[in-house]
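The chain contents come next:
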Amino acid sequence: PKTQNMKGTTHEISHRYFSLLLSGFAYAGHHASGEMSQNLATVKAGYAAFNAGDIPAWRATLTEDSEWVMQQGMPFAGTWVGAQAIEETIRYRRSPVDKFKVEPIAYYESGDKVFIHVQMTADGLDTEVMHMATMEDGKFARFQVFETQP
């Protein structure tokens, strides 16, 4: 079989190498049509479990040392570290009285980050916000809420 000659000027070789390098970046993080990443699948499963009230299934989407950050000025503002502390906060926030729901509108994925555009509703609350999940081994390692106050 005939082999391809890779000889050329330094410029030609540099151009080939650079083109090959760029092609790797162009496809990084992309999935075949209809294929979903593990991170996105976990995020979707986490929101579905949360909205169904299935706290054990929701907690299974967290790393044991997961960190959740709610910005200052928000109810429940603060940082919680560890699945147990986060679960206790969520159980309190999901009281049956307020009918708290977080319905995803769209997902955006970049590397280990998944951004979730959501509609939050509860008694006296109906707003769109952004959430950012940092994923590690297919689980929530960090979660941050970006909300605005009226």
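Quick look at the structure, then. What you are looking at is a predicted structure, and each value in this text was computed from that prediction instead of being measured. (Residues numbered from 1 in each chain as written. Predicted model: local features only at pLDDT ≥ 70, side-chain atom pairs only at ≥ 80, totals over all residues. Heavy atoms only, no water.)

1. Concerning the packing of aromatic side chains
Turning to step 1, where the next piece is worked out: Under the counting rule described, the total for this entry stands at five aromatic pairs.
Turning to step 2, where the next piece is worked out: Note on Trp 58 and Trp 68: the rings are 5.4 Å apart at their centroids and 80 degrees apart in plane angle, and the pair reads as edge-to-face. Placement of Trp 58 in helix 3 (residues 55-59) and of Trp 68 in strand 1 (residues 62-70) is noted, with a sequence separation of ten residues between them. Take Trp 58 and Trp 68: they sit in the same class, and that class is buried.
Turning to step 3, where the next piece is worked out: Among the aromatic residues, those joined into a ring-pair cluster are Phe 50, Trp 58, Trp 68, Phe 140 and Phe 143. (Phe/Tyr/Trp six-rings, centres within 6.5 Å; stacked < 30°, edge-to-face > 60°. Helix = DSSP H or I, 4+ residues; strand = E, 2+ residues; numbered from the N terminus. Buried < 20%, exposed > 50% of the residue type's maximum accessible area, 1.4 Å probe, protein only.)

2. Remarks on the side chain of Thr 134
Turning to step 1, where the next piece is worked out: If you trace the backbone, Thr 134 turns up in strand 5 (residues 125-136).
Turning to step 2, where the next piece is worked out: Dropping the residues within four chain positions of it, Thr 134 is found in contact with Asp 112, Lys 113, Lys 139, Phe 140, Ala 141 and Arg 142. (Contact = heavy atoms within 4.5 Å.)

3. As for the pattern of salt bridges
Turning to step 1, where the next piece is worked out: A full pass over the atoms with the stated rule returns four salt bridges.
Turning to step 2, where the next piece is worked out: Close ionic contact of Glu 64 with Arg 59 constitutes a salt bridge, the shortest N to O distance being 3.6 Å.
Turning to step 3, where the next piece is worked out: Ionic contacts of the salt-bridge type, sharing partners, join the residues Arg 59, Glu 64 and Glu 87 into one network. (Salt bridge = Lys/Arg side-chain N within 4 Å of Asp/Glu carboxyl O.)

4. Describing the pairing of strand 2 (residues 78-81)
Turning to step 1, where the next piece is worked out: Where burial is concerned, the two faces of strand 2 differ: the one with Gly 78 and Trp 80 is buried and the one with Thr 79 and Val 81 is not.
Turning to step 2, where the next piece is worked out: Of the pairings in the sheet, the one linking strand 1 to strand 2 comprises four bridges and is antiparallel in character. Residue Glu 67 lies in a different strand from strand 2, and its bridge partner there is Val 81. (Pairing = 2+ DSSP bridges.)

5. As for the sheet that holds strand 1
Within a sheet, adjacent strands bond to each other through the backbone by hydrogen bonds, running parallel or antiparallel.
Turning to step 1, where the next piece is worked out: Within the open sheet, the six strands sit side by side as 2-1-6-5-4-3. Their pairing is mixed. For this open sheet the edge positions go to strand 2 and strand 3 (101-110), each flanked by a neighbour on one side alone. Taking the axes of each pair of neighbouring strands and ignoring which way they run, one obtains an average angle of 15 degrees across the sheet.
Turning to step 2, where the next piece is worked out: With nine bridges joining them, strand 3 and strand 4 (residues 113-122) adopt antiparallel strand pairing. Looking at the pairing, Pro 104 lines up with Val 118 of strand 4. (Axes fitted to C-alpha atoms, helices over the stretch in contact; angles between N-to-C directions.)

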